[in-house]
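Overview (structure and organization)
Residue-level listing of the chains:
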Amino acid sequence: MSSRIAFLKGHGTENDFVIVPDPDNAVDLSPAAVAALCDRRAGIGGDGVLHVVRSAAHPEARAMAARAEWFMDYRNSDGSVAEMCGNGVRVFARYLQRAGHATAGDLAIATRGGVKTVHLAKDGDITVGMGKARLPEQEVTVRVGERSWPARNVDMGNPHAVAFVEDLAHAGDLLTPPAYSPASAYPDGVNVEFVVDRGPRHVAMRVHERGSGETRSCGTGACAVAVAAARRDGADPAVTGTPVTYTVDVPGGRLVITERPDGEIEMTGPAVIVAEGEFDRAWLDEAVR
């Protein structure tokens with residue numbers, strides 16, 4: 001077995017990832033190994049790891065292999081497993097294009113949140129079919145310090161609490177997870193979005209991502225925010241028959257989210273590969289001891 005392991009570094013609206021190509025699922029990425037790779041001082045640094053595996057080679061994805069050749073085995077920076085990552089899907093698709101595994105056009109990618117359809121331009125933004133949002137009716141409250149807000153519970157294949165605030169600074173430093181209640185609403189934790197209005201169908205957000213802390217962007221979070229904003233504004237494409245599009249500014253850039261009358265949500269934004277190289281397996285083994 002080689003002592004060197006290939007990696008790339010990429011980002012989508014500055015939500016950054018360590019990409020580990022591993023078609024045969026031969027690299028053991030334990031939670032400790034993922035955390036070591038994502039360490040911004042002692043490792044490569046990233047908000048998460050995109051483990052690139054053929055669906056047929058991964059036990060969690062084999063059932064999807066007939067529909068999607070590649071599986072995005074996504075991990076948060078603390079090593080925990082996540083169902084989906086919207087920015088990660090775009091970066092994953094850009095890697096497949098760069099590696100010659102995909103060409104411009106439509107592409108299916110397997111995730112723990114199901115098979116996602118991606119439209120990949122040769123040069124330019126990438127559009128991801130993010131599926132449908134679920135809107136549990138349970139009331140949720142989010143707290144930071146002495147402030148609290150009602151939040152919209154939105155499930156994008158992973159859980160979100162969307163709170164509309166007067167000032168994004170009210171979210172605090174987001175170094176620790178914002179408090180929420182009731183605890184039963186999110187038994188496995190939650191991504192929390194704080195949102196302000198910028199104009200008609202134009203909002204800005206900050207996010208604390210479960211398992212990663214504050215990140216520069218969150219794709220599923222931007223989708224959750226767009227849906228929550230649309231309902232707040234009285235817009236429901238399933239009722240009106242008209243698509244609704246919101247521009248969502250994140251600290252790392254801008255995403256455009258469209259909800260169609262059939263409930264399907266599309267996210268469009270950039271994806272960039274910035275570097276590639278190798279790390280030493282012995283370093284990783286030592287880092288996780």
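Up top you'll find the structure we're talking about.
1. Thoughts on the environment of Pro-23
- Looking at the element boundaries, Pro-23 is found in the loop between strand E2 (15-21) and helix H1 (31-38).
- A sequence separation of 154 residues divides Pro-23 from Pro-177, and the C-alpha atoms of the two residues are 34 Å apart.
- Dropping the residues within four chain positions of it, Pro-23 is found in contact with Val-52, Val-53, Arg-54, Ala-57 and Trp-70.

2. As for H1
- Turning to H1, its buried residues are Ala-33, Val-34, Ala-36, Leu-37 and Cys-38.
- Contact partners of the buried residues in H1: E2, strand E3 (48-54), strand E4 (70-76), strand E18 (272-280) and helix H5 (281-287).

3. Looking at the packing of aromatic side chains
- Summed over the entire model, instances satisfying the criterion amount to five aromatic pairs.
- Between the aromatic rings of Trp-149 and Phe-194, the centroid separation amounts to 5.6 Å while the plane-to-plane angle is 75°, which identifies the pairing as edge-to-face. Placement of Trp-149 in strand E9 (residues 147-155) and of Phe-194 in strand E12 (residues 191-199) is noted, with a sequence separation of 45 residues between them.
- Exposure remark for Trp-149: the relative accessible area of 10% places this residue in the buried category.
- You can call Phe-194 buried: its relative accessible area is 0%.
- Taken together, a centroid distance of 6.1 Å and an interplanar angle of 75° make the contact between Phe-279 and Trp-283 edge-to-face.
- Using a relative accessible area of 6% as the deciding quantity, one classes Phe-279 as buried.
- One aromatic cluster is present, built from ring pairs that chain together Phe-7, Phe-279 and Trp-283.

4. Thoughts on the pairing of strand E10 (residues 159-164)
- Counting buried residues in E10 gives five out of six residues, a clear majority hidden from the surface.
- Bridge count for E9 against E10 is five bridges, and the pairing is antiparallel. For Ala-151, the partnering residue across the bridge sits in E10 and is Ala-163.
- The turn joining E9 and E10, which pair antiparallel and follow one another in sequence, is formed by three residues; a positive phi near 95° is taken by Gly-157.
- Alignment of E10 against E12, held across five bridges, turns out to be parallel. Across the sheet, the residue bridging to Val-162 is Glu-193, located in E12.

5. Examining the nonpolar core
- By size, the foremost hydrophobic cluster in this structure holds 53 residues, and its most contacted members are Met-72, Leu-96, Ile-109, Met-205 and Ile-257.
- Ranked by residue count, the leading element in this core is helix H3 (residues 219-232), at nine residues.
- Sequence-distant contacts of Met-72, defined by excluding residues within four places in its chain, comprise Leu-50, His-51, Met-84, Cys-85, Gly-88, Val-89, Phe-92, Ile-109, Ala-110, Thr-111 and Arg-112.
- Listed in part, the 18 residues of the second largest apolar core include Val-140, Val-142, Trp-149 and Ala-151.

6. Quick look at the pattern of salt bridges
- Following the criterion strictly, the structure yields 22 salt bridges and no others.
- Taking the shortest distance from any N to any O, the salt bridge between Glu-60 and Arg-112 comes out at 2.8 Å. Within this pair, whereas Glu-60 is found in the loop between E3 and E4, its partner Arg-112 is found in the loop between strand E5 (105-111) and strand E6 (114-120), the two being separated by 52 residues in sequence.
- Residue Arg-112 is classed as partly exposed on the basis of its relative accessible area, which comes to 22%.
- The closest approach of N and O atoms between Glu-266 and Arg-260, which form a salt bridge, is 2.9 Å.
- Here the salt bridges do not stand alone but share partners, grouping Lys-9, Asp-16, Arg-40 and Asp-47 into one network.

7. Describing unusual backbone geometry
- The peptide bond linking Ser-181 to Pro-182 adopts the cis configuration, its omega dihedral lying at -5°.
- Along the polypeptide, Pro-182 turns up in the loop between strand E11 (179-181) and E12.
- The phi dihedral of Asn-25 falls on the positive side, at around 60°, and the residue is not glycine.
- Note on placement: Asn-25 falls in the loop between E2 and H1.
- Owing to a relative accessible area of 26%, Asn-25 belongs among the partly exposed residues under this scheme.
- Even without a glycine there, the phi angle at Arg-201 is positive, about 50°.
- For Arg-201, the position within the fold is in the loop between E12 and strand E13 (202-209).

8. Focus on helix H2 (residues 86-98)
- An ideal rise of 1.5 Å per residue puts 18 Å on 13 residues; H2 measures up with 19 Å between its terminal C-alpha atoms.
- With twelve of its 13 residues buried, H2 lies for the most part within the structure.
- Listing the buried residues of H2 in full gives Gly-86, Asn-87, Gly-88, Val-89, Arg-90, Val-91, Phe-92, Ala-93, Arg-94, Tyr-95, Leu-96 and Gln-97.
- Once H2 ends, the next one or two residues include Gly-100, with phi positive near 85°.

Each value, and the rule that gives it
Residues numbered from 1 in each chain as written. Predicted model: local features only at pLDDT ≥ 70, side-chain atom pairs only at ≥ 80, totals over all residues. Heavy atoms only, no water. Helix = DSSP H or I, 4+ residues; strand = E, 2+ residues; numbered from the N terminus. Contact = heavy atoms within 4.5 Å. Buried < 20%, exposed > 50% of the residue type's maximum accessible area, 1.4 Å probe, protein only. Phe/Tyr/Trp six-rings, centres within 6.5 Å; stacked < 30°, edge-to-face > 60°. Pairing = 2+ DSSP bridges. Core = buried A, V, L, I, M, F, W, Y, C linked by side-chain atoms within 4.5 Å. Salt bridge = Lys/Arg side-chain N within 4 Å of Asp/Glu carboxyl O. Expected span 1.5 Å × (residues − 1).

Don't take any of this as a statement about function, it's just geometry.
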